[in-house]
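Below are the chains, spelled out letter by letter.
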Amino acid sequence: MKRKELICIVCPNGCQIQAEIEEGEKIQVNEITGHLCDKGPEWVEQELVNPMRTIASSIMVEGGDFPLVSVRTDSPIPFKSIPEIMKAIKSSKAKAPVQIGDIMVKNPAGTFCNIIATRTVQTQVLP
Ligand code: SF4
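Every chain's residues receive numbers from 1 upward, in the order its sequence appears when written. Owing to the predicted nature of the model, reporting of local features is limited to residues with pLDDT of at least 70; listing and counting of side-chain atom pairs is limited to 80 or more, with chain, interface and lining totals taken over all residues.

A. Just helix α1 (residues 39–49), in detail. Residue burial here comes from a neighbour count, namely the number of other C-beta atoms, placed from the backbone, that lie within 10 Å of the residue's own C-beta, with 20 or more meaning buried, 12 or fewer meaning exposed, and in between meaning partly exposed. The numbering of helices and of strands both runs from the N terminus, where a helix is a DSSP run of H or I of at least 4 residues and a strand a run of E of at least 2. Restricting attention to buried positions, one finds in α1 the residues Gly40, Trp43 and Val44. Taken down its axis, α1 places every buried residue within 100° of arc, on the same side. Any residue pair is listed as a contact if its two C-beta atoms, each placed from the backbone, are within 7 Å. Buried residues along α1 sit against β1 (2–7), β2 (16–23) and β3 (27–33). Think of it as the arc spanned by the lines of direction from the helix axis to the C-beta atoms.

Here is the structure:
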């Protein structure tokens, strides 16, 4: 049995949560204390067993008034998928114009998320 201390990031209260875990083939969370609400244990379980993250990056744009468009995942993704998703983002290119919310990469690395644009890039107007 091992004891882990985590700070819950679900709300600004930032509860300091203690979890008793058993590490085997799978992590088993046995007891959770220190939370003020039921969201804390849910988050701890998720964080210890299958941590999820939202990631942000940028993609090159051809013919745009900016060379890059900022992007992010439209939902949290498993932590272990990040390298493959970053590879998919890095190998992608877009053509201007790009609108906020456009899907730039659909379901990278077999996940259910999409990579979406978080800014607009207009077509470059040449003088
Ligand atoms: S346990 Fe509940 S109250 Fe505490 S930080 Fe997490 S969400 Fe907020």
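B. Examining the site of the ligand more closely. Near the ligand the following residues occur: Cys8, Val10, Cys11, Asn13, Gly14, Cys15, His35, Leu36, Cys37, Lys39 and Gly40. Grouping the amino acids of the shell around the ligand by side-chain chemistry returns six nonpolar, four polar and one charged. Any residue whose backbone-placed C-beta atom lies within 6 Å of a molecule or strand is treated as near that molecule or strand. Residue polarity is assigned by list, with Asp, Glu, Lys and Arg as charged and Ala, Val, Leu, Ile, Met, Phe, Trp, Tyr, Cys and Pro as nonpolar; anything else, Gly included, falls into the polar class.

C. Structural detail: the domain arrangement of the protein. What marks off one domain from the next here is an automatic or database domain assignment. Examined at the domain level, the protein breaks down into domain 1 (2–49) and domain 2 (56–117). A separation of 31 Å is found between the C-alpha centroids of domain 1 and domain 2.

D. Focus on the sheet that holds strand β10 (residues 114–117). In this analysis, strands are considered paired if DSSP registers two or more bridges between them. Judged by pairing direction, the sheet is mixed, and its five strands sit side by side in the order β8-β5-β6-β10-β9 without closing on themselves. In this open sheet, the two edge strands, each paired with only one partner strand, are β8 (93–95) and β9 (103–106). On average, each strand axis in the sheet is inclined to that of its neighbour by 35°, with strand direction left out of account. Pairing between strand β5 (residues 56–62) and β8: three bridges, direction parallel. Each residue of the ladder has a partner; that of Met60, found in β8, is Lys93. Only the contacting stretch of a helix is used when fitting its axis, a line to C-alpha atoms as for every element, and angles between N-to-C directions run 0 to 180 degrees. The sheet strands contacting helix α2 (residues 82–90) are β5, β6 (68–73), β9 and β10, and the helix crosses β5 at an angle near 20°.

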